[in-house]
Structure formats: C-alpha cells, structure tokens
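As a plain string of letters, each chain reads:
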Amino acid sequence: MAGPTGRPHVPEVAIGNVTFDTPRRAGAYTGPVTPLPASRLLRWMGVLAALAAAVPVFLRAAEDAAFAGPRLIAWALLLAAFVALFWWLGGGACERLSPRLRLAALGAASGTGLALAWLGRSAFGGVFMVLVAALLAALPPRQAAAWLAVQSLALAGALAAHFGWVDGLVLGTAFGALQLFALQTARTAQRERAARQELELANQALREARLRLDAAARDTERLRIARELHDLMGHHLTALGFSLEAATHCPPTQVAAHVAAARDLVGELLHDVREVVSAFRGEAVLDLAAGLRVLAASVDEPRVHVEVPASLLAAPTGAHALLRCAQEVVTNSIRHGGGRNLWLQLRDLDGGLLLAARDDGRGAAGAVEGHGLRGMRERLEELGGWMRWQSEEGRGFRLQVWLPPPASGP
C-alpha cells in the first residue's frame, strides 16, 4: 500500500517511547527503475571498433574503382546508421523501450550489421555482429541465445558467399564465439550496475536508520528528563511558591517561620536535582534490542536475524558502541560478504555484553582489518572491551565484540 507520497507503506517500530517508520528495504523498491546504460567509455570503444572494421572496406575502395561508386556510398550510409543505432541503444534505450519496439530496434541493428558484412566483403564484417551481441543483454536469456544463434548462422552464410564455405564456417564460428563473449560480458556489466544501485539503496537505508535511531534516542531522553523534572521537582517548587506567598501576607511575627520553611524546601529541591543528575549519568538506558531490530528491518539482503534476551539492557555508552558495531558489520556484509543471511546475537558474558555476528557469505582468506574494523576496535578498547574476528574462504565472516559492565560510582 502506498503512502501519501506514493512510496510503499512501511511498518512502524517503537524504540522506548518513540515510534517511527522504518526505512524501506533495498530489495522492495517499487518506484521507477533507473535504466542501466553502458558507460560512455564502453560506447565509444564500440564506435571505434566499428570504425576500425570499416578501414579495410575503404582501403579496398581505393584500389577497386568498381566498388568506389554508389555501392561504397550505400555502405557508408549503412555504417552511419549502425553507429547511431548502437550509440542510442547502448545508452539505455533498450531498457526504456516497450518489448515490441525493443525487438524492432535490435532487429534494425542486426540487419544493418549483416548488410555491412555482406556489402563490405570483408572478413572484419563480423565485428558489427559482435557489437550487436553486446546489446542483446537487454533480452531474456533464452531469447538472446536464440537471437545470437540465428545471427551467427546468417553471418556465416554472408561470409561463406564471399570467402567459400570453409573459410565462411571458420570465420562464422570465430565470430560466434566472440558474440557469445560480448553477450556474457554485457550481462556481467549489467548485473554489476544493478548491484551498485542496490548497494546505494541499502546504504541510503542504513543512513536513514542511523539518523532515525539517533533522533529516537534524543526524544526518549527528552521525555525522560521532562518526567523526572515533573515528578521529583514539581511538588517542592509548588510548596516553595506557597511558602513565599504566605510570607508576603502573614503578620511580621510569622515571616521568619515561613522563610525557614522555604529555605528547607530549597535544600530538598537541590538534593533532588543532584539525584536526578546522578540518575541520568549512571542509569540512563537505551533499548538496544529495538535498535538492532530497526537496523535489521532496514536491510533486505543479507537478511539480518537478531537474537537478544528480552530483559537485556545496556548503559548508554555501551549500547551506542554496540549499535555502531552492528551497523558496521551489516555494512561490511552488504559490501563484501555476498551472503544471504547475517546473524546478530547479544548476550551476557562475565557481567558484560557480548555481541556475536556471523554471515554465510564467501569469506576471504588472509583478510586484513580495514578502517571500519580498526575504528570499531579502537572504540571498544576505549571502553575497556575487546574485539575478535575471523574470515575464512567459503565459511563467511565471524566477529565477537565484548564490553565490560559499567563502572559503579563510589
């Protein structure tokens, strides 16, 4: 169900006394899909390849007067049309066109390439079909494979008409293999660009989750302060006001008693203020379990599984540090892990808090600490904790971080 802004509806999550929407999952994006065009460099390389394949034809025209007439002009016009089609389709037009128009445009490019190979009478005419094969990545795999097979057979027939069946078959097979390579390379590049888009969406969701968690923590603290001020100090302030008001209206002989009562109320009020400050410093609590669940809800893949005891709480410094560690683990799993699942488990250990994380990604032998892990270790060591991690090829990434219990006051 769409919200008022047209975005998909997302569930609400409560942290403490604050409720807010979780950011949308990266894989659940239902807005307009951005086309994934080839990079401008790759398109220029394709144009240069087409022009390079045209060089032998123009050299032959310089030597063969019979070829240098209207036939060369027609071939040059076909070359210009092919380059224009390749540039247009390679710029994302295949993704924007409807299925019928896409097939028509690819058919025009394929037909133009075959005409260039036929009229040019050059062994390099197959280069045009290799460029067309790179555009077939916009089609479903089976449809692209069938198109490639028919196109390769047509090219082999065109080359055989000029160079004989043996040479035509050899050249057709060679260019068929090159077309298959171009198609697979284009598909790989397309998947990489799609993965980059998904990663950008996932990073955006993580940033949104971090901002929302910070805002929720601040709102929770504001609400707690307001309640403490009202419950612990409101009574004394009201009584103090009555005592001072009575001192202004009572007989002179009773003023001293009312002032003494007001002085006692001020002392009690200062005592309560000190108690409130001490409570904020030593007893403030962040709902770490809810924070981890919001973080898990903001990521689609890998799917994050959170296991936290229902009664587990943490001091604010430790909770925020563990939450930042969990965010770093999720980010690294998205960028480098390549797994489908990530497990986060929080439990007591020696009176402190232990956060254990593992994924089912690819892992890496001989991995070294990057800036994220190094910063995580420094943050934990400042708080008296430690970090251990392990990454093995084929066994995923594992990490444990531990924080000691908060130091008690004197």
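Residues numbered from 1 in each chain as written. Predicted model: local features only at pLDDT ≥ 70, side-chain atom pairs only at ≥ 80, totals over all residues. Heavy atoms only, no water.

Enquirer: Before we move on, can you summarise the nonpolar core with the specific residues and values?
Expert: Of all hydrophobic cores here, the largest spans 41 residues; its most connected members are Trp-75, Leu-79, Phe-82, Leu-89, Leu-106, Phe-128 and Leu-136. Here the element with the most residues in this core is helix 2 (residues 70–96); it accounts for 10 residues. Leave out the neighbours within four places in its chain, and Phe-82 touches Ala-50, Ala-109, Thr-112, Gly-113, Leu-116, Phe-128, Leu-131 and Val-132. Counting 34 residues, the second-largest nonpolar core is a separate cluster that includes Leu-292, Val-330, Ile-334 and Leu-380. (Core = buried A, V, L, I, M, F, W, Y, C linked by side-chain atoms within 4.5 Å. Buried < 20%, exposed > 50% of the residue type's maximum accessible area, 1.4 Å probe, protein only. Helix = DSSP H or I, 4+ residues; strand = E, 2+ residues; numbered from the N terminus. Contact = heavy atoms within 4.5 Å.)

Enquirer: Please provide a residue-by-residue account of the pairing of strand 5 (residues 352–359), values included.
Expert: Most of strand 5 is tucked away: seven of the eight residues are buried. Here eight bridges tie strand 4 (residues 341–349) to strand 5, and the two strands are oriented antiparallel to one another. Across the sheet, Trp-343 pairs through a bridge with Arg-358, a residue of strand 5. Pairing geometry for strand 5 and strand 7 (residues 396–403), over six bridges, is antiparallel. Along strand 7, the bridge assignment pairs Arg-358 with Arg-398. (Pairing = 2+ DSSP bridges.)

Enquirer: Give a description of the packing of helix 2 against helix 4 (residues 126–135) that names residues and reports values.
Expert: Contact geometry for helix 2 and helix 4: axes closest at 10 Å, N-to-C directions at 20 degrees. Put simply, helix 2 runs roughly parallel to helix 4. Considering the relative orientation of helix 2 and helix 4, their crossing is left-handed. Only Phe-128, Leu-131, Val-132 and Leu-135 of helix 4 make contact with helix 2, whose side of the interface consists of Trp-75, Leu-79, Phe-82, Phe-86, Leu-89, Gly-90 and Cys-94. Looking at the contact of helix 2 with helix 4, its residues break down into 10 nonpolar, one polar and no charged. (Axes fitted to C-alpha atoms, helices over the stretch in contact; angles between N-to-C directions. Parallel < 35°, antiparallel > 145°, perpendicular 65-115°, else oblique. Left-handed = near helix turned anticlockwise from the far one by under 90°. Nonpolar A, V, L, I, M, F, W, Y, C, P; charged D, E, K, R; others polar.)

Enquirer: An account of the environment of Ala-356 is needed here, citing residue identities and associated values.
Expert: Here Ala-356 is to be found in strand 5. The buried category is assigned to Ala-356, whose relative accessible area is 14%. Linking Ala-356 and Arg-398, residues 42 residues apart in sequence, is a C-alpha distance of 7.6 Å. Beyond its immediate chain neighbours, meaning those up to four positions away, Ala-356 contacts Trp-343, Leu-344, Gln-345, Arg-347, Leu-399 and Gln-400.

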